[in-house]
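Coordinate analysis (summary)
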Amino acid sequence: MRAALIVATMTQIEETTFEPSSRTRRWTTPLRALLRHALDVALPPLCPACRAPLGDGAGLCADCWSKLSLIEPPFCARLGIPFTYNPGPGLLSMEAIASPPAYDRARAAVRYDDIARALVHAFKYGDRLDLAPMMGRWMARAGRELTHEADALVPVPLHWRRLWSRRFNQSAALAGSVSQTCDVPVLHDALKRVRATPQQVGLSKPQRADNVQGAFRVPPERKAEVAGRRLVLIDDVLTSGATVDTCARALLRAGAKHVDVLVFARVVAPVRSPI
Ligand SMILES: [Zn+2]
């Protein structure tokens, strides 16, 4: 209400003061700046995880930041799953050996815990697109060894119906932010979701794989941009890995030379030891 009043007042003042005389113009700019500042004070940015007001207006509050679980080495060289102790370089997790994915390596910035879930939800469903630069910077940091060798980033696409209802593709927004940090271009539309798939939430690992099988393909007009290239798939959350695995298969079938995966958060089982 207070914010709405300020906006209304600001619009009125802008309308009444923006006259073509140089005298009024001199006053308009500082007045606008002052009113914008008043608006910022009336609506302080909130921490996306706990809704506490943020002082400096970016990222997480200090309390949530301290609880966020960044994924650091040691981890499985293939899947990026963190280990509880360091088994030495290049060791793989049981998952990577038992069912190796189609992609080569996966990396994630953080564990998908309560804080990460709140961040992803605010970003995806709460119109907090302003979180993309911060999330993208964390991803770029976690995926340095992948992007260093990459020709392009490929966001996991949404089906057009979901894109229409959500208005933006969160993976494409994250890919844009990662690209700004690591200077690797984004290959938009390299993958197409040819089949709408039900949400993966609540499905078992085999059900998830069945659910997305054949859901993605590289359109014929994009094959030349994919063939022979080193690509990094970008998504927000990795749960079973079924979605990125299906995407990687489609890219490899179209002739991609190498496919890695970089996500913001990944689900990690509580205790993880190397074999
Ligand atoms: Zn917080």
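Above this text you will find the structure in question.
Conventions used here
- Counting of residues starts from 1 at the beginning of each chain's written sequence and follows it residue by residue.
- Where local features are concerned, this predicted model is filtered to residues with pLDDT of at least 70; where side-chain atom pairs are given and counted, the filter is 80 or more; whole-chain, interface and lining totals use all residues.
- No hydrogens and no water enter the side-chain calculation; it runs on all heavy atoms of the structure.
- By convention, a stacked pair of Phe, Tyr or Trp rings (six-membered ring in the case of Trp) has centres within 6.5 Å and planes under 30 degrees apart, an edge-to-face pair has planes over 60 apart, and any other such pair is tilted.
- The helix count covers DSSP runs of H or I at least four residues long, the strand count covers runs of E at least two residues long, and both are numbered beginning at the N terminus.
- The classification of residues rests on relative accessible area computed with a 1.4 Å probe and restricted to protein chains. Under 20% of the type maximum is buried, over 50% is exposed, and intermediate values are partly exposed.
- Each metal site lists N, O and S donors within 2.8 Å (3.2 Å for Na, K and Ca). With water left out of the atoms, a site can look as if it is missing ligands.
- Each axis is a line fitted through C-alpha atoms, and for a helix only the stretch in contact is used; angles between axes span 0 to 180 degrees, taken between their N-to-C directions.
- Oblique is the label for every angle not falling under 35 degrees (roughly parallel), over 145 degrees (roughly antiparallel), or within 65 to 115 degrees (roughly perpendicular).
- A crossing counts as left-handed when the near helix is turned anticlockwise from the far one by less than a right angle, and as right-handed when that turn is clockwise.
- Contacts between residues were defined by any pair of non-hydrogen atoms, one from each residue, lying within 4.5 Å.
- Multiply 1.5 Å by the residue count of a helix minus one, and that product is the helix's expected span.
- Any N or O atom pair separated by 3.5 Å or less is treated as a polar contact, with the protein-specific requirement of one donor-capable and one acceptor-capable atom, and with residues adjacent in sequence counted only for side-chain atom pairs.
- Under the grouping applied here, Gly and all other residues not named as nonpolar or charged are polar, the nonpolar ones being Ala, Val, Leu, Ile, Met, Phe, Trp, Tyr, Cys and Pro and the charged ones Asp, Glu, Lys and Arg.
- Only buried Ala, Val, Leu, Ile, Met, Phe, Trp, Tyr and Cys residues count toward a nonpolar core, and they belong to the same one when joined by side-chain atoms within 4.5 Å.
- The term salt bridge refers to a pairing of a side-chain nitrogen on Lys or Arg with a carboxyl oxygen on Asp or Glu at a separation within 4 Å.
- Excluding any residue in a salt bridge, patches collect residues exceeding 30% relative accessible area, merging like charges within 9 Å and nonpolar Val, Leu, Ile, Met, Phe, Trp and Tyr side chains within 5 Å.
- In short, Shrake-Rupley with a 1.4 Å probe defines the accessible areas, and a residue's cover is counted only from the protein chains shown.
- Note on charges: Lys and Arg go in the positive column, Asp and Glu in the negative column, and His and the chain ends are not counted at all.
- Taken as the charge centre is NZ of Lys, CZ of Arg, CG of Asp or CD of Glu, depending on the residue.

**Remarks on the packing of aromatic side chains**
Within the structure shown, the criterion is met by three aromatic pairs. Here the aromatic rings of phenylalanine 123 and phenylalanine 168 are separated by 5.8 Å at their centres, their planes lie at 65°, and the arrangement is edge-to-face. Taken together, the residues phenylalanine 123 in helix H5 (residues 114–125) and phenylalanine 168 in the loop between helix H8 (160–166) and helix H9 (170–182) connect sequence positions 45 residues apart. Relative to phenylalanine 264, the ring of tryptophan 138 has its centre 6.0 Å away and its plane inclined at 20°; by these criteria the two rings are stacked. Here phenylalanine 264 lies in strand S6 (residues 258–266) and tryptophan 138 lies in helix H6 (residues 132–142), a separation of 126 residues in the sequence. Judged by relative accessible area, phenylalanine 264 falls into the buried class, the value being 0%. What links up through ring pairs into an aromatic cluster is the set Trp65, Trp138 and Phe264.

**Regarding the coordination of the zinc ion**
The protein atoms donating to the zinc ion are Cys47 (SG), Cys50 (SG), Cys61 (SG) and Cys64 (SG), with metal-donor distances spanning 2.3 Å. One chain supplies every donor for the zinc ion, spaced along it as C-x2-C-x10-C-x2-C.

**Let's talk about the packing of H5 against H6**
Viewed as axis vectors pointing N to C, H5 and H6 meet at an angle of 130°, and their least axial separation amounts to 11 Å. In terms of their interaxial angle, H5 and H6 are classed as oblique. In this structure, H5 meets H6 at a crossing whose hand is left-handed. Counted together, Leu119, Val120 and Phe123 of H5 and Ala132, Met134, Met135 and Trp138 of H6 form the full contact between these two elements.

**Digging into H9**
The terminal C-alpha atoms of H9, which comprises 13 residues, lie 18 Å apart, in line with the 18 Å expected from a rise of 1.5 Å per residue. Where H9 is concerned, the buried positions are Gln170, Ser171, Leu174, Ala175, Ser177, Val178 and Ser179. Between the side-chain oxygen at the start of H9 and the backbone nitrogen of serine 171 there is a gap of 2.9 Å, and the oxygen is on asparagine 169.

**Considering the packing of H6 against H9**
For the pair H6 and H9, the least separation of the axes is 8 Å and the interaxial angle reads 60°. Relative to H9, the element H6 is oriented oblique. Here the hand of the crossing between H6 and H9 comes out right-handed. Along the contact surface, H6 presents Ala132, Pro133, Met135, Gly136, Arg137, Met139 and Ala140, while H9 presents Ala173, Leu174, Ser177, Val178 and Thr181. Residue composition of the contact of H6 with H9, by class: eight nonpolar, three polar and one charged.

**Points about the nonpolar core**
The tendency in soluble globular proteins is for nonpolar side chains to be buried as a group. One finds Leu60, Leu119, Met135, Trp138, Met139, Ile234 and Phe264 to be the most contacted residues of the largest nonpolar core, which totals 36 residues. Contributing elements (two or more residues each) for this core: strand S1 (106–111), H5, H6, H9, strand S5 (230–238) and S6. With seven residues, H6 is the largest single contributor of residues to this core. The contacts of leucine 119, once residues within four sequence positions are left out, are Pro48, Leu60, Leu68, Leu131, Met134, Trp138 and Phe264. Membership of the second largest hydrophobic core comes to 34 residues, among which are Ala152, Ala190, Leu251 and Val268.

**Concerning the pattern of salt bridges**
Tallied over the entire structure, the rule returns 13 salt bridges. Residues arginine 107 and glutamate 145 are paired through a salt bridge, measuring 3.0 Å at the closest nitrogen-oxygen approach. Taken together, the residues span a long stretch of sequence, with arginine 107 in strand S1 and glutamate 145 in helix H7 (residues 144–147) at a distance of 38 residues. According to the relative accessible area criterion, glutamate 145 is partly exposed, its value standing at 37%. Arginine 249 is the partner of aspartate 245 in a salt bridge, and the nearest nitrogen-oxygen pair spans 2.9 Å. On the criterion of helical spacing, the pair formed by aspartate 245 and arginine 249 is a turn pair, its members being four residues apart in helix H12 (residues 242–253). A relative accessible area of 14% places aspartate 245 in the buried class. Accessibility expressed as a relative area gives 44% for arginine 249, which makes it partly exposed.

**Some thoughts on a positive patch on the surface**
The grouping of Lys192, Arg217, Lys223 and Arg253 at the surface amounts to a positive patch. Mapped onto the secondary structure, arginine 217 falls in strand S4 (residues 216–217). With a relative accessible area of 39%, arginine 217 lands in the partly exposed category.

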